[in-house]
Amino acid sequence: MIEQNRTSAEVRALLAGSALDVAPWLLGAHLTHRSDDGPVTVRITEVEAYLGDVDPGSHAYRGRTARNATMFGPAGHLYVYFTYGMHYCANIVCGTEGWATGLLVRAGEIVDGIDRARERRSRPASDLDLARGPARLAQALGLDRRYDGADALADPFQLVLPRLPAASVASGPRVGVSGIAGTGEYPWRFWSPGEPTVSRYRPGKPRTARKVDP
């Protein structure tokens, strides 16, 4: 059940914990982006936690840069990055300022604005694919680097958390993460069991180079 009555301060306080603890609160949460052509809302079904300098899979593992600065807080803001020279992905920052933790919004179900999401996604064969995977989800919501650092709890965004954290949560290795950070030693992908929009697992592959924003 979605809780409509929390203040933004209350939601931000919930997000200020470790990403590992916040993950069950985001499963079933609704994230809305209201753009000029209307709102799109995704019900989140899958996230991945990234924990800064203790996590070799994190963009912040080696410290603060111009690219990852948003990860260092405050909680509740969006960290939007460009990857593989073609895709945007969105994270919700967690923890206290300076901690550099967050949750990649990996997959979900479009529950409002589905026609706009279909247009942005070039009308995929199945609506289940509209936001299955972080790049598809960001595209369906109309997110790009312009929104890096935007407050997910303020206009044009809204983040509504469930009344209680998800009671049933599956976890396992993160998708497409190279090296040890993509193994069972880091079971920091969390999803709602039985949800058809959840990503298919694929292991990471070593990469020699990739194109990213500076």
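Residues numbered from 1 in each chain as written. Predicted model: local features only at pLDDT ≥ 70, side-chain atom pairs only at ≥ 80, totals over all residues. Heavy atoms only, no water.

Asks: Explanation requested: the overall build of the protein chain in the structure shown.
Replies: A count of helices and strands for the protein chain gives four helices and eight strands. When the elements of the protein chain are put in sequence order from the N terminus, they spell out α-α-β-β-β-β-β-α-α-β-β-β. At 16 Å, the protein chain has a C-alpha radius of gyration in line with the 17 Å of a compact globule built from 214 residues. With respect to the three principal axes, the spread of C-alpha positions in the protein chain is 40 × 40 × 35 Å. Out of the 214 residues belonging to the protein chain, those deemed buried represent 50%. Contacts spanning at least 24 positions in sequence make up 64% of the contacts within the protein chain whose residues lie at least 6 apart. (Helix = DSSP H or I, 4+ residues; strand = E, 2+ residues; numbered from the N terminus. Rg over C-alpha atoms; globule rule 2.2 N^0.38 Å. Buried < 20%, exposed > 50% of the residue type's maximum accessible area, 1.4 Å probe, protein only. Contact = heavy atoms within 4.5 Å.)

Asks: Is there a simple way to think about the side chain of serine 199 in this case?
Replies: Along the polypeptide, serine 199 turns up in the segment after strand S8 (189-191). Residue serine 199 is classed as buried on the basis of its relative accessible area, which comes to 11%. One polar contact links serine 199 to arginine 106, side chain to side chain, over a distance of 3.3 Å. (Polar contact = N/O pair within 3.5 Å; in protein donor to acceptor, adjacent residues only side chain to side chain.)

Asks: Even after reading the chapter, I still don't get the state of the cysteines, so can you show me in this structure?
Replies: Such a bond, covalent and formed between the sulfur atoms of two cysteines, is termed a disulfide. Per the counting criterion, the structure on display carries zero disulfides. With no disulfide of its own, cysteine 89 has cysteine 94 as its nearest cysteine by sulfur position, at a separation of 16 Å. Here cysteine 89 falls in the buried class, since its relative accessible area comes to 5%. The buried category is assigned to cysteine 94, whose relative accessible area is 1%. (Disulfide = S-S within 2.5 Å.)

Asks: How should the packing of aromatic side chains be read in this particular structure?
Replies: Two measures describe an aromatic ring pair: the distance that separates the ring centres and the angle between the ring planes. In total, this model carries four aromatic pairs according to the counting rule given. When the ring centre of tryptophan 191 is taken as origin, the NZ or CZ atom of arginine 189, which lies over that ring, is 4.2 Å away. (Phe/Tyr/Trp six-rings, centres within 6.5 Å; stacked < 30°, edge-to-face > 60°. Lys NZ or Arg CZ within 6 Å of the ring centre and 35° of its normal.)

Asks: Which parts of the structure should I look at to understand the nonpolar core?
Replies: Within soluble globular proteins, side chains that are nonpolar tend to cluster in buried spots. Counting residues in hydrophobic clusters, the biggest one holds 42 residues, and the most contacted among them are Leu15, Leu26, Val42, Val47, Leu103, Ile110 and Leu159. Contributions of two or more residues to this core are made by helix H1 (8-15), helix H2 (19-26), strand S2 (38-51), strand S3 (78-83), strand S4 (87-94), strand S5 (101-112), helix H4 (134-141) and strand S6 (157-160). The biggest single contributor to this core is S2, with six residues. Not counting chain neighbours up to four residues away, the residues in contact with isoleucine 110 comprise Val40, Thr41, Val42, Ala117, Leu130, Ala131 and Ala140. (Core = buried A, V, L, I, M, F, W, Y, C linked by side-chain atoms within 4.5 Å.)

Asks: What should I look at first to understand H4 in this one?
Replies: The α-helix advances 3.6 residues per turn, and as a result positions three or four apart in sequence lie on the same side. Taken as a whole, H4 has its buried residues at Pro134, Leu137, Ala138, Ala140 and Leu141. In an axial view of H4, the angular spread of the buried residues amounts to 160 degrees, which keeps them on one side of the axis. The elements touched by buried residues of H4 are strand S1 (30-35), S2, S4, S5 and helix H3 (114-120). Note on H4: the residue one or two positions beyond its end, glycine 142, has a positive phi of about 75 degrees. (Arc of directions from axis to C-beta.)

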